[in-house]
Amino acid sequence: MVIDMRTPGGGAVLEAELVTLAAEASEILGRRIQPPGTDSTDAAKRVLARLWDEAVATLSDTTNRADIQRTTALLARIRAFEARLAAADAAGSATHLRMAAQAIARLHGARGVDDLLSRAAEAMGAMGFDRALVSTTSGQRWHLHTMFVVDDKPWADAILAAGRESSPTLDGNLVESDIVQRARPGLVFDVQHNPRVVRPLVEMTKCSSYAVAPLTMNGAVVGLVHGDYYFQRREADATARAMLAVFAAGLGHALAGASLLDGVTALRGGFDRLTGSATASPGYLEGPALSARELEVVELLAAGRANRQIARDLAISEATVKTHITHILRKLGAANRAEAVAYWLRGSVAP
């Protein structure tokens, strides 16, 4: 059983204590209670609930003072263990959120949609996934964009090729069709025997379960992210699904900004072709060059992000964001944020 306390050995300690508690309860209650042999916190909670019910039933049927004392003490231990398990869940949730935030932070600096999606699969490895797939969708079309396999790029490339060759469609026959239609994350189990999966893909991956979440932009599903724990030999669970959902939400926000950059680039290129001019790309400034961090800030300003959002996206303080903006305004000779963005979009900013 895996009860992840996010501390070295924490899950193993709780597991051993729960097994001991079940054994002692069996002796006190006079009936065998099978110790947990599961791999989830929810299963551990079910074991504790059963122990509680059995102890309450025993307490109501006995008048022996010694039995009453032992059973009452058992009830107290069960409640104490439930409290520890709840605390472990809370600590684990906070850690998972931090992991998702760190993975999203890895997306910063992407130069357009293609670069962003390419970075996203590897960024998911920062959340503990052994393998990750990032894809785009449009109607019934499902295009596999990037595959990540920890320490095995050739296998990742082979999986991606197999998936693309199968040309999967979201026509209602696949689990992914439901994910797109409902715009909600999900879990897929017994994958090798599941009739609603891309057979060539799952045969090559040899996975048994995976989590999948929709990638949305402006309220519409535009892609999917998949993740599993193949090398760790464990099933995808509710925690994996939640982490993937948080990451997909962050990726969706980043995708909106990346789409804007692609649009600006295309517009700039079209203008150049029409006028025959050589408008500089963000690019080159007659004056002090922006630093890499200042470029990240001005890109987020162009995407319409507020100071608070920029601080969160770049994992820095709002005060630091304001300092960067001050430097950007001074270097560009701009009077305000809008003017700075306009200068940058016109291609007057150095990389």
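The following paragraphs examine the structure supplied in this document. Everything numeric here is computed off the predicted structure, so don't read it as measured data.

Cut-offs and rules
Residues numbered from 1 in each chain as written. Predicted model: local features only at pLDDT ≥ 70, side-chain atom pairs only at ≥ 80, totals over all residues. Heavy atoms only, no water. Axes fitted to C-alpha atoms, helices over the stretch in contact; angles between N-to-C directions. Helix = DSSP H or I, 4+ residues; strand = E, 2+ residues; numbered from the N terminus. Parallel < 35°, antiparallel > 145°, perpendicular 65-115°, else oblique. Contact = heavy atoms within 4.5 Å. Salt bridge = Lys/Arg side-chain N within 4 Å of Asp/Glu carboxyl O. Expected span 1.5 Å × (residues − 1). Buried < 20%, exposed > 50% of the residue type's maximum accessible area, 1.4 Å probe, protein only. Arc of directions from axis to C-beta. 1 Å grid on protein atoms, 1.4 Å probe; cavity = no way out; pocket = protein on both sides within 12 Å on 5 of 7 lines; lining within 4 Å. Points joined across faces, edges and corners; volume = space filled by probe spheres on them. Nonpolar A, V, L, I, M, F, W, Y, C, P; charged D, E, K, R; others polar. Polar contact = N/O pair within 3.5 Å; in protein donor to acceptor, adjacent residues only side chain to side chain.

## A word on the packing of helix 10 (residues 307-314) against helix 11 (residues 318-332)
- Taken N-terminus to C-terminus, the directions of helix 10 and helix 11 make an angle of 105 degrees; their axes are 8 Å apart at the nearest point. As far as their axial angle goes, helix 11 and helix 10 are roughly perpendicular. Taking contact as the criterion, the partners of Asn307, Arg308, Ile310 and Ala311 in helix 10 are, on helix 11, Glu318, Val321, Lys322 and Ile325.

## A word on the pattern of salt bridges
- Across all of its chains, the model carries ten salt bridges by this definition.
- In this structure, arginine 50 and glutamate 54 form a salt bridge, with 3.8 Å as the shortest nitrogen-oxygen distance. In this pair, arginine 50 and glutamate 54 both sit in helix 2 (residues 41-61), four residues apart, roughly one turn of the helix.
- For arginine 196, the salt bridge identified is with aspartate 178, shortest N-O distance 2.7 Å. Taken together, the positions of arginine 196 in the loop between strand 3 (186-188) and helix 7 (199-205) and aspartate 178 in helix 6 (residues 175-182) put the pair 18 residues apart, joining distant regions of the chain.

## Thoughts on helix 4 (residues 113-124)
- If you check helix 4, its first and last C-alpha atoms are 17 Å apart, about what twelve residues at 1.5 Å a residue would give, namely 16 Å.
- Buried residues of helix 4: Val113, Leu116, Leu117, Ala120, Ala121, Ala123 and Met124, and no others. Angular distribution of buried residues about the axis of helix 4 spans 165 degrees; they occupy a single face of the element. Those residues of helix 4 that are exposed and aimed more than 90 degrees away from the buried face are Asp114 and Glu122.

## Examining the layout of surface pockets
- Taken as a whole, the second largest pocket holds about 530 Å³ of empty space.
- Around the second largest pocket sit 27 residues that line it, and His108, Ala254, Leu300, Arg305 and Asp313 are the ones nearest its centre.
- Within the residue set of the lining of the second largest pocket, elements represented by two or more residues are helix 3 (65-105), helix 8 (238-275), helix 9 (292-302) and helix 10.
- Here the lining of the second largest pocket takes seven residues from helix 8, the largest share from any one element.

## So, the packing of helix 9 against helix 11
- Relative orientation of the contacting elements helix 9 and helix 11 amounts to 90 degrees, with a least axis distance of 10 Å. Classified by the angle between their axes, helix 9 and helix 11 sit roughly perpendicular to one another. Every residue of helix 11 that contacts helix 9 at Arg293, Glu294, Val297, Val298 and Leu301 is listed here: His324, Ile325, His327, Ile328 and Lys331.
- The class makeup of the residues in the contact of helix 9 with helix 11 is five nonpolar, two polar and three charged.

## So, empty space enclosed by the protein
- As enumerated under the stated definition, the model contains one cavity of 30 Å³ or more in all.
- Here the largest cavity is characterised by a volume of approximately 230 Å³.
- Lining of the largest cavity is provided by 17 residues; of these, Leu133, Leu201, Thr205, Tyr210 and His226 occupy positions nearest its centre.
- Among the elements of the structure, strand 1 (131-138), strand 2 (141-149), helix 7 and strand 5 (220-228) are those that each provide at least two residues to the lining of the largest cavity.
- Of the residues belonging to the lining of the largest cavity, the class tally is eleven nonpolar, three polar and three charged.

## Some remarks on the side chain of serine 177
- Within the fold, serine 177 resides in helix 6.
- Among the polar contacts listed, one links the side chain of serine 177 to the backbone nitrogen of glycine 172, at a separation of 3.0 Å.
- Here serine 177 is in contact with Leu170, Asp171 and Gly172, once residues within four sequence places are set aside.

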